[in-house]
Amino acid sequence: MSEIPSDLLYRESHEWVRYDDDGTATIGISDHAQAQLGDMVFVELPEPGMSYEQGDACAVVESVKAASDVYAPLTGEVIESNSALEDSPELVNTDPYGDGWLFRMQLADPAQLEGLLDPSSYADQAEG
Amino acid sequence: MRQTPLHDAHLAAGARMVDFAGWTLPINYGSQIDEHHQVRTDAGMFDVSHMTVVDVRGPQARAFLSRLLANDVARLQSPGKALYSCMLNENGGVIDDLIVYFMAEDWFRMVVNAATRDKGVAWLEHQAAEFRIAVTEHYELAMLAVQGPEAREKAHSVLPEEAVAALDGIKLFSAVESNDLFIARTGYTGEDGYEIMMPGAEAQALWGRLLGAGVKPCGLGARDTLRLEAGMNLYGQDMDEEVTPLESGLAWTVAMKDDREFIGRPALERQRAAGLQNKLVGLVLEGRGVLRPHQSVITHAGAGMTTSGSFSPTLQRAIAFARVPVGAADRCTVEVRGKELAARIVKPPFVRNGKACEGILQAAE
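Residue positions are counted from 1 within each chain, in the order its sequence is given. The naming scheme follows written order: chains are lettered A onward, ligands numbered 1 onward. Given that this is a predicted model, residues contribute local features only at a pLDDT of at least 70 and side-chain atom pairs are listed and counted only at 80 or more, while totals for whole chains, interfaces and linings are drawn from all residues.

Here we look at the overall build of chain B
So, point 1. When helices and strands are tallied, chain B shows 10 helices and 22 strands.
So, point 2. For 365 residues, the compact-globule estimate of 2.2 N^0.38 gives 21 Å, and chain B sits close to it at 20 Å.
So, point 3. Overall, the C-alpha framework of chain B stretches about 55 × 50 × 40 Å when taken along its three principal axes.
So, point 4. A buried classification covers 49% of the 365 residues belonging to chain B.
So, point 5. For chain B, long-range pairs separated by at least 24 residues make up 67% of all intrachain contacts whose partners lie at least 6 apart in sequence. Numbering goes from the N terminus for both helices and strands, where a helix is a DSSP run of H or I of at least four residues and a strand is a run of E of at least two. We take the radius of gyration over the C-alpha atoms and set the globule estimate at 2.2 Å times the residue count to the 0.38 power. Partly exposed residues are those whose C-beta has more than 12 but fewer than 20 other C-beta atoms within 10 Å; 20 or more makes a residue buried and 12 or fewer makes it exposed, with C-beta atoms placed from the backbone. Placing a C-beta atom from the backbone of each residue, one calls two residues in contact when those atoms lie within 7 Å.

What follows is the structure in structure tokens.
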């Protein structure tokens, strides 16, 4: 059973979103996703300044087993990416909701948050 | 999906199970990188009960295998000795790769791939028709690979006394029989260790004793990165029926010095006479990223393709096998998700006995 924090929102493609009330959001991949992928060995993150539409592939997480796209869960501009992952991609495994975050976005339309999955809906999907 | 006799033991050990060649097998029990290091530095065990054990018995067993296999069973003179070989079709394409053990003049044992079981055994039986031999598959056997620098010592601490006595002085790439155990000093990791065949009903007990001796369970994930580092081909990825061993890095397993007529030899001779077009090489990625199978490779001599690729936990770099034009050397680029990444062409293996092989890391710097 994977961990699904109750204060986050999720996307079907296994990203999590932490909305920071100032119009920015932090994004990562769920515990379920990291467990499925296994040991991370390489993370390719979007450059700050890049803009993405909701659903665009914008990052890649690679485990020993497979490479997997990460999709922008919301439309907006990347304002920061987690440079610690360059040398320590395993943080995505060990702390997917903390030090293993991927990037932060300035949201173009915070109303899009309403279209994301709440923890229980995501739990149904991920564990179902 | 078929389950091995160790299925419950895998679940009890927290395995993540996957489908592989018709079997349900563990991919890992947690971190596959930890499992990889466990085998490189200590001892790990793999359930390889999906592998197919086939006995060839009869007065013409050696003559049959001499015709069937690209490597020469004449090299097997002392009982227990093992030989790695490809089994070719008439075009020289690889039907399967296998290990054959010489146990007695009228008994050779082969271990063939699970993925090719039906095709391989059908081919065997078809070719066997002309010979006075019997081909028997041993579905009832389980197989455990115990691998790593401490593997043999830890195995000795839990195997029956008689088996340990039989193993005294066993050479690399040899096997002994002891009661209903068949123990070979072989493996697929580049480390020392044993592959132990036993009746399925005994597998759980041995597994439990090995666990108690500190041998950790390892899954298919670690098995793949270990064999890749060790420069060992995977059937269906690095070679198949469409390519010959000569272009699969396996020329060393083809015995053509005398005039032995094995299946596929005329095709190999034609290929040699016409000049080989391709070879299988190792790649070491210079920068960050991960290599995967089926990525395009550009060399000075032309284009090629990766056949296996992953991240090497020992080298902390991405490595791959690639089939490239024979003239390719030194540097190349690999297309990884639209980008051309720089890599060096090297001669496998990448890792032996826990350490990077000479020239592998230097080549990437």
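With respect to the nonpolar core
All names here are of chain B.
So, point 1. Linking buried Ala, Val, Leu, Ile, Met, Phe, Trp, Tyr and Cys residues through C-beta atoms within 7 Å yields a set, and such a set is a nonpolar core. Ranked by size, the top nonpolar core spans 140 residues in total, and within it V100, L144, V146, I183 and L283 carry the most contacts.
So, point 2. Ranked by residue count, the leading element in this core is strand β7 (residues 94-104), at 7 residues.
So, point 3. Composition of this core by domain shows at least three residues from each of domain 1 (2-52 + 139-229) and domain 2 (277-364).
So, point 4. Once residues lying within four places of it in the same chain are set aside, the contact partners of I183 are A163, L167, A175, V176, S178, Y194 and I196. By convention here, the domain bounds are inherited from an automatic or database domain assignment.

So, the interface of chain B and chain A
So, point 1. With 13 residues of chain B at the contact, the number on the chain A side is 9 residues.
So, point 2. Looking at the side of chain B that touches chain A, the elements with two or more residues in it are α2 (32-41), α8 (220-229) and β17 (302-312) of chain B.
So, point 3. Following the grouping adopted for this structure description, the nonpolar residues are Ala, Val, Leu, Ile, Met, Phe, Trp, Tyr, Cys and Pro, the charged ones are Asp, Glu, Lys and Arg, and the polar ones are all others, Gly among them. In terms of residue class, the side of chain B that touches chain A is built from 3 nonpolar, 7 polar and 3 charged.

Some thoughts on the sheet that holds strand β13 (residues 193-199) of chain B
Residue and element names in this part refer to chain B.
So, point 1. A pair of strands is treated as paired once DSSP finds two or more bridges between them. Strand order in the open sheet made by the 6 strands is β11-β12-β13-β10-β4-β14, with mixed pairing throughout. On the outer flanks of this sheet lie β11 (175-178) and β14 (216-217), each paired with one strand and no other.
So, point 2. Here β11 runs beside strand β12 (residues 181-184); their pairing, made up of 4 bridges, is antiparallel. The partner of E177 across the bridge, within β12, is F182.
So, point 3. Together, β4 (44-47), β10 (141-147) and β14 form the strand contacts of α2, whose direction differs from that of β4 by roughly 115°.
So, point 4. Convention adopted: a line fitted to C-alpha atoms gives each axis, helices being fitted over their contacting stretch, and angles between N-to-C directions are expressed from 0 to 180 degrees. Sheet strands in contact with helix α7 (residues 200-212) are β4, β10 and β13, and its direction is about 20° off that of β10.

What about the sheet that holds β7(B)?
Strand pairs in the sheet, formed through backbone hydrogen bonds, run parallel or antiparallel to each other.
All names here are of chain B.
So, point 1. Across the sheet, which stays open at both edges, the 5 strands sit in the order β6-β7-β8-β5-β9 with antiparallel pairing between neighbours. Edge strands, defined here as strands with exactly one partner in the open sheet, are β6 (82-88) and β9 (134-137). Averaged over neighbouring strand pairs, the angle between their axes works out to 30° when direction is ignored.
So, point 2. Against the sheet, helix α3 (residues 61-68) makes contact with β5 (52-57), β6, β7 and β8 (107-112), and its axis sits at roughly 125° relative to β5, the strand it touches most.

Details of the domain arrangement of chain B
Residue and element names in this part refer to chain B.
So, point 1. Partitioning chain B into structural domains gives domain 1 (2-52 + 139-229) and domain 2 (277-364).
So, point 2. If you average the C-alpha positions of domain 1 and of domain 2, the two centres end up 29 Å apart.
So, point 3. Taken together, the 12 residues of domain 1 in the interface contact 12 residues of domain 2.
So, point 4. Considering each element in turn, the side of domain 1 that touches domain 2 owes the most residues, 5 residues, to α2.
So, point 5. Tallied by class, the residues present in the side of domain 1 that touches domain 2 amount to 3 nonpolar, 5 polar and 4 charged.

Considerations on the environment of Y19(A)
So, point 1. By secondary structure assignment, the location of Y19(A) is in strand β2 (residues 15-19).
So, point 2. According to the C-beta neighbour criterion, Y19(A) is partly exposed, with 17 such atoms within 10 Å.

Quick notes on α2(B)
All names here are of chain B.
So, point 1. For α2, the buried fraction is high: 7 of the 10 residues fall into the buried class.
So, point 2. Listed as buried for α2 are Q32, I33, E35, H36, Q38, V39 and R40.
So, point 3. Looking at the buried side of α2, the elements it contacts are β3 (23-28), β4, β10, β14 and α8.

Some thoughts on the pairing of strand β15 (residues 278-285) of chain B
Residues and elements named next belong to chain B.
So, point 1. With 7 of 8 residues buried, β15 lies mostly within the body of the structure.
So, point 2. With 7 bridges joining them, β15 and strand β18 (residues 317-325) adopt antiparallel strand pairing. By the bridge assignment, L283 is partnered in β18 with A320.
So, point 3. Relative to strand β20 (residues 339-346), β15 runs antiparallel, the two sharing 4 bridges. Within β20, the position partnered with G282 by the bridge is V346.

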